[in-house]
Amino acid sequence: PAVAKQAAEVAEVAALLGRISPAFDLAAAVDLRIVQAGSGGGFFEIAAPDRGGEGGFAAKITAGNAVDLAAGAHWWLKYHLNCSVSWWGDQLDALPAPGTPLPAFSGLERHTTTYDLRYYMNVCTFGYSTAFWDWARWEREIDWMALNGINTPLAFVGQEYVFREVLREVG
C-alpha cells in the first residue's frame, strides 16, 4: 500500500510538470522519488542522476511527500535551469528544444523545513476571488501551491453551515 501511494504521488507530480511545460517533457527528464520521511517538517534533495541503467535523467529529486517533491522540482527549475513558474506567467525559455537533453545536475543539494504545515491564502482571497474560478484556474493555483511547498491552503468550505447551526443552538 505505501509503495502504491508513493507511485501515485510521483505520478501526480509528473502530471504537474507536464501541465507547466507541455512542450518539453520535464517529467521524463528528471528522476522523481518519494521516500519514507522522518518525523516533522519536510525535505527535498536534488542529486546527480543515477547512471546505472537509469540513463537519460538530468537530475534525481527525492522528497518525503508529493508537495515537497513538487517544491524540489520547482527549486531545480528555478535555480538550476533558470526557469520561473509564477502567478504572472511562466518563463520557461531556458529549456532547450523538445527532444534535447537538459544539462545534468552534479552534486547534492538538500533543503529542509521544520514546519509541518505551510499555510497560504486569506479570507478575502478565498471569499472574493476564488469563488469565480473555474477548474483550470483552481488546478493552476493548486499546482503553484505545490511548487512552492504549500500544504495547507485556507478553505472556508462549509463554514456558513457551522455558523448557522451554532446560532440556532444559542437561539
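Residues numbered from 1 in each chain as written. Predicted model: local features only at pLDDT ≥ 70, side-chain atom pairs only at ≥ 80, totals over all residues. Heavy atoms only, no water.

## Details of helix α1 (residues 2–20)
Selection criterion: By the criteria applied, helices consist of DSSP H or I runs no shorter than four residues and strands consist of E runs no shorter than two, each listed in order from the N terminus. Multiplying one less than the number of residues by 1.5 Å gives the expected span of a helix. Pairs of residues are marked as contacts when any of their non-hydrogen atoms sit within 4.5 Å.
The first and last C-alpha atoms of α1 sit 27 Å apart over 19 residues, in line with the 27 Å expected at 1.5 Å per residue. Packed against the buried residues of α1 are α2 (26–29), β1 (30–34), α3 (66–80), β4 (84–86), β5 (89–91) and α5 (135–147).

## Some details on the packing of α1 against α3
Here is the rule: Orientation is described by axes fitted as lines to C-alpha atoms, over the contacting stretch for helices, and by angles from 0 to 180 degrees between their N-to-C directions. For a crossing to be left-handed, the near helix must be turned anticlockwise from the far one by less than a right angle; the clockwise case is right-handed. Polarity classes work like this: nonpolar for Ala, Val, Leu, Ile, Met, Phe, Trp, Tyr, Cys and Pro, charged for Asp, Glu, Lys and Arg, and polar for all others, with Gly in that last group.
Where α1 meets α3, the closest approach of the two axes is 9 Å, and the angle between their N-to-C directions is 35°. At the point where α1 passes α3, the crossing takes the right-handed sense. Every residue of α3 that contacts α1 at E9, V10, V13, L16, L17 and I20 is listed here: A66, L69, A70, A73 and L77. Classifying every residue of the contact of α1 with α3 gives 10 nonpolar, no polar and 1 charged.

## Thoughts on the environment of V13
Short version of the rule: Buried residues are those whose accessible area, probed at 1.4 Å on protein chains only, stays under 20% of the maximum for their type, while exposed residues exceed 50% and partly exposed ones sit between those limits.
Structurally, the position occupied by V13 is in helix α1. Exposure remark for V13: the relative accessible area of 3% places this residue in the buried category. Here the alpha-carbon distance between V13 and V67, two residues 54 residues apart in the chain, equals 8.1 Å.

## Let's talk about the confidence of the model for the chain
Definition in use: A score from 0 to 100, pLDDT tells how confident the predictor is in each residue.
Per-chain confidence: the chain averages 89 in pLDDT, with 95% of residues scoring 70 or above. Within the chain, the element-level pLDDT minimum falls on helix α4 (residues 123–129), averaging 80, and the maximum on α3, averaging 96.

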